[in-house]
Amino acid sequence: MKSALDCAYWDLFGKLEQKNFIELNSISYKKLKYSSITISIAPIKEQLLKMEQLDWHRFKIKCSHYNRDDIEKLINTGKKIALDANGSFYN
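So, here's what we can say about the structure. Quick caveat, the model's predicted, so the values are computed rather than measured. (Residues numbered from 1 in each chain as written. Predicted model: local features only at pLDDT ≥ 70, side-chain atom pairs only at ≥ 80, totals over all residues. Heavy atoms only, no water.)

With that out of the way, let us pick up the overall build of the protein chain. The helix and strand tally for the protein chain stands at four helices and three strands. From first element to last, N terminus to C terminus, the protein chain shows the α and β order α-α-β-α-β-α-β. Surface accessibility of the protein chain: about 7200 Å² in total, with carbon and sulfur atoms responsible for 54%. (Helix = DSSP H or I, 4+ residues; strand = E, 2+ residues; numbered from the N terminus. Areas by Shrake-Rupley, 256 points an atom, 1.4 Å probe, with all protein chains shown as cover.)

This is the structure:
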């Protein structure tokens, strides 16, 4: 329970400050190359641009709907990706 509250706090604080956890805590992401970073729901062009700009190898991509072409574009980046739909593919 304590961990869930801590995560919820950082999530809310980050949204209010419009910064991610790494920015809020001045953590160098270069030390975390073998971890992953989450790319928020956005048009595919924005998501691909973020992936290109960041020196990460693994990404969790938030998506709000199924679009085969967009998924193929993500796969073709050569990066390791995980899709996070949060049940958004279901009506």
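Taking every second residue as pointing to the same face, the buried face of strand 2 (residues 58-62) carries F59 and I61, while none of R58, K60 and K62 on the other face is buried. Two strands pair when backbone bridges link them, and strand 1 (residues 37-39) and strand 2 are joined in this way by three bridges, in the parallel orientation. By the bridge assignment, I37 is partnered in strand 2 with F59. Crossover connection from strand 1 via helix 3 (residues 44-53) to parallel strand 2: handedness right-handed. Where strand 2 meets strand 3 (residues 80-84), five bridges bridge the pair, whose relative direction is parallel. Bridge assignment links R58 to a residue of strand 3, and that residue is K80. Crossover strand 2 to strand 3 through helix 4 (residues 68-75) is right-handed. (Buried < 20%, exposed > 50% of the residue type's maximum accessible area, 1.4 Å probe, protein only. Pairing = 2+ DSSP bridges. Right-handed = clockwise from strand over helix to strand, strands pointing away.)

Geometry only, nothing functional implied.
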